[in-house]
Each structure stands twice: as structure tokens, then as C-alpha cells.
Amino acid sequence: MKPVRKPLRMLRPVPIYIISVGSLKKGDVNISTVSWVSPLTKIPPRIGTAIDKSSYTHKVLNKYRRYTLSIVGPDLLELAKFIGTRSGREIDKISVTGVALDPAGDGDTPYIKNSLGYVLVEVEKVVDFWSTTLFAGRIVEAKAREEVFDNRWNIEAIPFPLHLAKHEFILCQGKLTTVVKTKWGIAMKKPWRTNIDKEE
Ligand SMILES: Cc1cc2nc3c(=O)[nH]c(=O)nc-3n(C[C@H](O)[C@H](O)[C@H](O)COP(=O)(O)O)c2cc1C
């Protein structure tokens, strides 16, 4: 084995999301691309997104403390690259791109209409991590396009994009991707299950 200069690249590929923050009613929406997203608790479903402190998204998120993550499909890859390399401090990414937004379940936070699906997150904890802040909280709404999600992503039906490194993305393309089925979940007793998991 050889030493790796950029170790975080070893933890990829990962899905790509468009984070939408701000209020449709007040007209201060910003969108940008994120991939530093992690599940945190299963019951209830909670996730955290690490956001760079210098970004405009960070500023707006601190004000509203809720966001949507729209799952990027093949049609949104170019948009994700564009908004992931421009700041809302300099341009209004909504009007420049002309991207279509719809309100999520709270009636005010937008999601990307042409995405594969979205989750709406109510931030419960804001945790400082050096140059980033983790905005962690509950998924209060989750919706997916019927034809592409059936209890899991139907990657047989859509080329599912993943971020590999910098400007390189992967498309997991239907028949070229092998889904390996295991007996996991049937045979295992889940000894790692803790009481914390069962709370609430
Ligand atoms: C594929 C991809 C993934 C990214 N993931 C993150 C991330 O998880 N967190 C983050 O703070 N920035 C991430 N970025 C960078 C932001 O999208 C970028 O800094 C953006 O310009 C911030 O815009 P804003 O100032 O309008 O918030 C990512 C960019 C790309 C292209």
C-alpha cells in the first residue's frame, strides 16, 4: 500500500445533494451542492450536513435552521456542478440558473422540482467542527419520484450519479451495475442495537 495524500477521497464515491435554504415567502432562498451528509440516528431518522463556515448557505441556515436536500439525478449534474462552484454572496443562483423550485411540506422551504426526491430537515443541533458546522436534525418529510424509488433507489431504472473526485462523477447505470444481494438482515441478530436506538 502507498500513502494517500487526500484521504477523504478514499471515502468516495457518494451521492450528491442540492441543499436549499431560506424562505420562499421572504424571497431569500439559496441553493448549493453538498455531499458531506451523514445519517445520525435511525429512530427517529436524523441526519447531519457539514457546511463550510465561509459559505452563504451557512449564513442563511443559521437564520432559518431548516433545509431540504434534493437528491441529484443525471439531469441535475450540470446544475449541481455550477451551484457548487458559485456563491450566493455573489450571484442569485435561483434566477441565474432558472431552476424550478417547489415548497416542501412546511410551505416555505423549497426543494428542487426535477430532483429524484427530497428530505426536509428541522435542525435540532448546530455543532462546530473547525472550518465547518454540522447542521443536524430530524427528517420531518421525505418524498421520492415514484418510478425511481421503491423502498430503495431503483438503479435499474435510472443512472444514479455519485461524486468520485473534484470534477469526476460516476453514473451507476442500470445493467452495468451489479446489485449484490446478501442474507444480511435475515441471518444476523443485530447485536449492535442499543437502547438508544429504541428511544422515542
Ligand atoms: C460535488 C460537490 C460537493 C460539495 N459538498 C459540500 C459539502 O458537503 N459542504 C459544503 O460546505 N460545501 C460543499 N461543496 C462546496 C459548495 O457547494 C460551494 O462552496 C458553494 O459555492 C457554496 O455556495 P454558497 O456560498 O452559495 O453557500 C460541494 C461542492 C461540490 C461540487
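One can find the structure itself at the top, above this paragraph.
A few points on the structure. What you are looking at is a predicted structure, and each value in this text was computed from that prediction instead of being measured.

Thresholds, definitions, all that
Residues numbered from 1 in each chain as written. Predicted model: local features only at pLDDT ≥ 70, side-chain atom pairs only at ≥ 80, totals over all residues. Heavy atoms only, no water. Helix = DSSP H or I, 4+ residues; strand = E, 2+ residues; numbered from the N terminus. Buried < 20%, exposed > 50% of the residue type's maximum accessible area, 1.4 Å probe, protein only. Contact = heavy atoms within 4.5 Å. Patch = residues over 30% accessible without salt bridge, like charges linked within 9 Å, V, L, I, M, F, W, Y side chains within 5 Å. Areas by Shrake-Rupley, 256 points an atom, 1.4 Å probe, with all protein chains shown as cover. Salt bridge = Lys/Arg side-chain N within 4 Å of Asp/Glu carboxyl O. Lys, Arg positive; Asp, Glu negative; His and termini not counted. Charge placed at Lys NZ, Arg CZ, Asp CG, Glu CD. Core = buried A, V, L, I, M, F, W, Y, C linked by side-chain atoms within 4.5 Å. Phe/Tyr/Trp six-rings, centres within 6.5 Å; stacked < 30°, edge-to-face > 60°. Near = heavy atom within 4 Å. Polar contact = N/O pair within 3.5 Å; in protein donor to acceptor, adjacent residues only side chain to side chain. Pairing = 2+ DSSP bridges. Axes fitted to C-alpha atoms, helices over the stretch in contact; angles between N-to-C directions.

**What about the overall build of the protein?**
Next up, step 1: Helices and strands together make up the secondary structure of the protein, namely four helices and eleven strands.
Next up, step 2: By the burial criterion, 40% of the 200 residues in the protein qualify as buried.
Next up, step 3: Here the analysis covers contacts within the protein between residues at least 6 apart in sequence; of these, 60% occur between residues at least 24 apart.

**Re a positive patch on the surface**
Next up, step 1: A contiguous patch of positive charge, built from Arg-5, Lys-6, Arg-9 and Lys-166, is present on the exposed surface.
Next up, step 2: Relative to the elements of secondary structure, Arg-9 occurs in the segment before strand 1 (17-21).

**Considering the nonpolar core**
Next up, step 1: If you look at the biggest cluster of nonpolar residues, it comprises 23 residues, and the most contacted ones within it are Ile-19, Leu-61, Tyr-67, Leu-69 and Phe-160.
Next up, step 2: If you list the elements that add at least two residues to this core, you get strand 1, strand 4 (46-52), helix 1 (56-64), strand 5 (66-71), strand 8 (117-129) and strand 10 (160-165).
Next up, step 3: The next biggest cluster of nonpolar side chains, apart from the first, holds 14 residues, and it includes Val-29, Ile-31, Val-72 and Leu-76.

**Concerning unusual backbone geometry**
Next up, step 1: Note the cis peptide between Arg-12 and Pro-13, where omega equals 10°.
Next up, step 2: Assignment of secondary structure puts Pro-13 in the segment before strand 1.
Next up, step 3: The phi angle at Arg-65 is positive, at roughly 55°, despite the residue not being glycine.
Next up, step 4: The residue Arg-65 is located in the loop between helix 1 and strand 5 in this model.
Next up, step 5: Classification of Arg-65 as partly exposed rests on a relative accessible area of 35%.
Next up, step 6: For Trp-130, which is not glycine, the phi torsion reads 55° and is therefore positive.
Next up, step 7: In this fold, Trp-130 is placed in the loop between strand 8 and strand 9 (132-144).

**Concerning the packing of aromatic side chains**
In this description, an aromatic ring pair is defined by two values, namely the gap between the centres and the angle between the planes.
Next up, step 1: Tallying each qualifying case throughout the model produces four aromatic pairs.
Next up, step 2: With a centroid separation of 6.1 Å and 35° between ring planes, the pair formed by Phe-129 and Trp-130 is classed as tilted.
Next up, step 3: Assessed through its relative accessible area of 33%, Phe-129 is described here as partly exposed.
Next up, step 4: Ring centres 4.9 Å apart and planes at 85° place the aromatic pair Phe-149 and Trp-153 in the edge-to-face group.

**Thoughts on the site of the ligand**
Next up, step 1: In the neighbourhood of the ligand, 20 residues make up the surrounding shell, with Thr-33, Asp-52, Thr-57, Ser-87 and Gly-88 lying closest.
Next up, step 2: For the ligand, an oxygen atom lies 3.0 Å from a polar atom in the side chain of Asn-30.
Next up, step 3: The side chain of Thr-57 places a nitrogen or oxygen atom 2.5 Å from an oxygen atom of the ligand.
Next up, step 4: Alone, the ligand offers 650 Å² of accessible surface; in the complex the protein occludes 82% of this.

**Describing the sheet that holds strand 3 (residues 37-41)**
Next up, step 1: Strand order in the open sheet made by the seven strands is 2-1-5-8-9-4-3, with antiparallel pairing throughout. Either end of the sheet is taken by a strand with one partner, and the two such strands are strand 2 (30-34) and strand 3. Averaged over all adjacent pairs, the angle separating strand axes in this sheet is 35°, with direction ignored.
Next up, step 2: The pairing of strand 4 with strand 9 spans seven bridges and is classified as antiparallel.

**A short note on the side chain of Glu-141**
Next up, step 1: Mapped onto the secondary structure, Glu-141 falls in strand 9.
Next up, step 2: Among the residues examined, Glu-141 registers a relative accessible area of 15% and is labelled buried.
Next up, step 3: Among the polar contacts listed, one links the side chain of Glu-141 to the backbone nitrogen of Gly-105, at a separation of 2.6 Å.
Next up, step 4: Polar contacts involving the side chain of Glu-141 include one to the side chain of Tyr-118, which spans 3.1 Å.
Next up, step 5: Excluding anything up to four places from it in sequence, Glu-141 contacts Ala-104, Gly-105, Tyr-118, Val-119 and Leu-120.

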